[in-house]
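Tertiary structure, described
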Amino acid sequence: MCYILRPWKYPTNTSISELTLEELFSDSLTDTPCVYLNQEREVGVATEMCVQYLESLVDSLIIRDDDHNPVGIVGGYDLLNHIRKNPTRDFQYETSVKEIMYKDLLIVEKNTTFQSLMDKWKASRRAFAIIPNTFQGYSPISARKMLEIGIKSKTTISISSMPKKKMITFQPDDTLREIVDLMFEHNTRKLLLEYSNQFISDRLILKEISKLLKFRPDVDNFLDIPVNQVELEDVTVVLDDLNLNQLCKSMYDMDHPYVIYKDISITPWDICNVLLSEKIAESYETESKKIVCPHCGCDVPI
């Protein structure tokens, strides 16, 4: 019988949760730069920028002082949290981002473990961090980036075995205020339109507000707008019970990853939680279920 000896990149029986960010991502860990905004810029500028970057690998804006030091972040949560308190045009133009930014910016290192990162994310309820890069700046670590780990994982976990969560829906005659209140009540960035495959998100709400700022000077209270005036997007409906790496490949190629399989909805944050599962620990390094010896053509046990 022939055997093929292969050096595993990671020790066998090592859980993903115990691996460091450098071990998980290698050279791709810092290949994306952060997007920065000076702390004196207006909230309206951040609103416009977040329309472009939310749900991407960047996901949030890094706020810097005049010496270019990172002092906070602004994402969809921060903008909507303050817009719901003051949904006016004046707030967008007269308030600086330093007044609304989240100041407890999480900075991690290459030797930070995935478990440690997830613990911090769960404690802060923000799936975002930055890490120093070789360009004298920082790179973002977001929930979406964790899809790269899922793509490399070989496991028996499929969508049907993932935890189910209640799908929060809204009505077509709801106002944006009702939508935003629902998001904060259920701690979610996406809501489904009832009896449909369409959804609204923090990014789409900010996109509508940005349009109102530019083209509707007659509108002052942005949250009074009915949601039926907002351009919704279609969620990707998956018909097959994909395994984890197939699912992550599919989501990674989406501009705004969000998937539904039967009565299960999946976002990048759900993938983060699945990656902590012990079921993946022993199979992360496995490349295939069967190997054929190139010399004799026999199946090689692995």
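Please refer to the structure higher up on the page.
Now for a description of the structure that goes with this document. Note that the structure is a prediction, hence the values are computed from the model and not measured.

**Comments concerning the overall build of the protein**
Check the secondary structure of the protein and you find 10 helices and 14 strands. Pairs at least 24 residues apart make up 71% of the contacts formed inside the protein by residues separated by at least 6 positions. Taken as a whole, the protein presents about 15200 Å² of accessible surface, with 48% of it coming from carbon and sulfur.

**Quick look at empty space enclosed by the protein**
Counting across every chain of the model gives 1 cavity of 30 Å³ or more. When the residues that make up the lining of the largest cavity are grouped by side-chain class, the tally is 2 nonpolar, no polar and 4 charged.

**Things to note about the packing of aromatic side chains**
The tally for this structure, following the rule as stated, stands at 3 aromatic pairs. Between tryptophan 121 and tryptophan 269 the ring centres are 6.4 Å apart and the planes differ by 50°, which places this aromatic pair in the tilted class. Taken as a pair, tryptophan 121 in helix H5 (residues 114-124) and tryptophan 269 in helix H10 (residues 268-275) lie far apart in primary sequence, 148 residues in all. Take tryptophan 121: its relative accessible area is 1%, and that puts it in the buried class. Look at tryptophan 269 and you get partly exposed, because its relative accessible area is 28%. One Lys or Arg, arginine 64, reaches over the ring of tyrosine 36 and ends 3.9 Å from the middle of that ring. Over the aromatic face of tyrosine 258 sits the side chain of lysine 190, whose NZ or CZ is 5.6 Å from the ring centroid.

Reading guide: rules and limits
- Residues numbered from 1 in each chain as written.
- Predicted model: local features only at pLDDT ≥ 70, side-chain atom pairs only at ≥ 80, totals over all residues.
- Heavy atoms only, no water.
- Helix = DSSP H or I, 4+ residues; strand = E, 2+ residues; numbered from the N terminus.
- Contact = heavy atoms within 4.5 Å.
- Areas by Shrake-Rupley, 256 points an atom, 1.4 Å probe, with all protein chains shown as cover.
- 1 Å grid on protein atoms, 1.4 Å probe; cavity = no way out; pocket = protein on both sides within 12 Å on 5 of 7 lines; lining within 4 Å.
- Points joined across faces, edges and corners; volume = space filled by probe spheres on them.
- Nonpolar A, V, L, I, M, F, W, Y, C, P; charged D, E, K, R; others polar.
- Phe/Tyr/Trp six-rings, centres within 6.5 Å; stacked < 30°, edge-to-face > 60°.
- Buried < 20%, exposed > 50% of the residue type's maximum accessible area, 1.4 Å probe, protein only.
- Lys NZ or Arg CZ within 6 Å of the ring centre and 35° of its normal.

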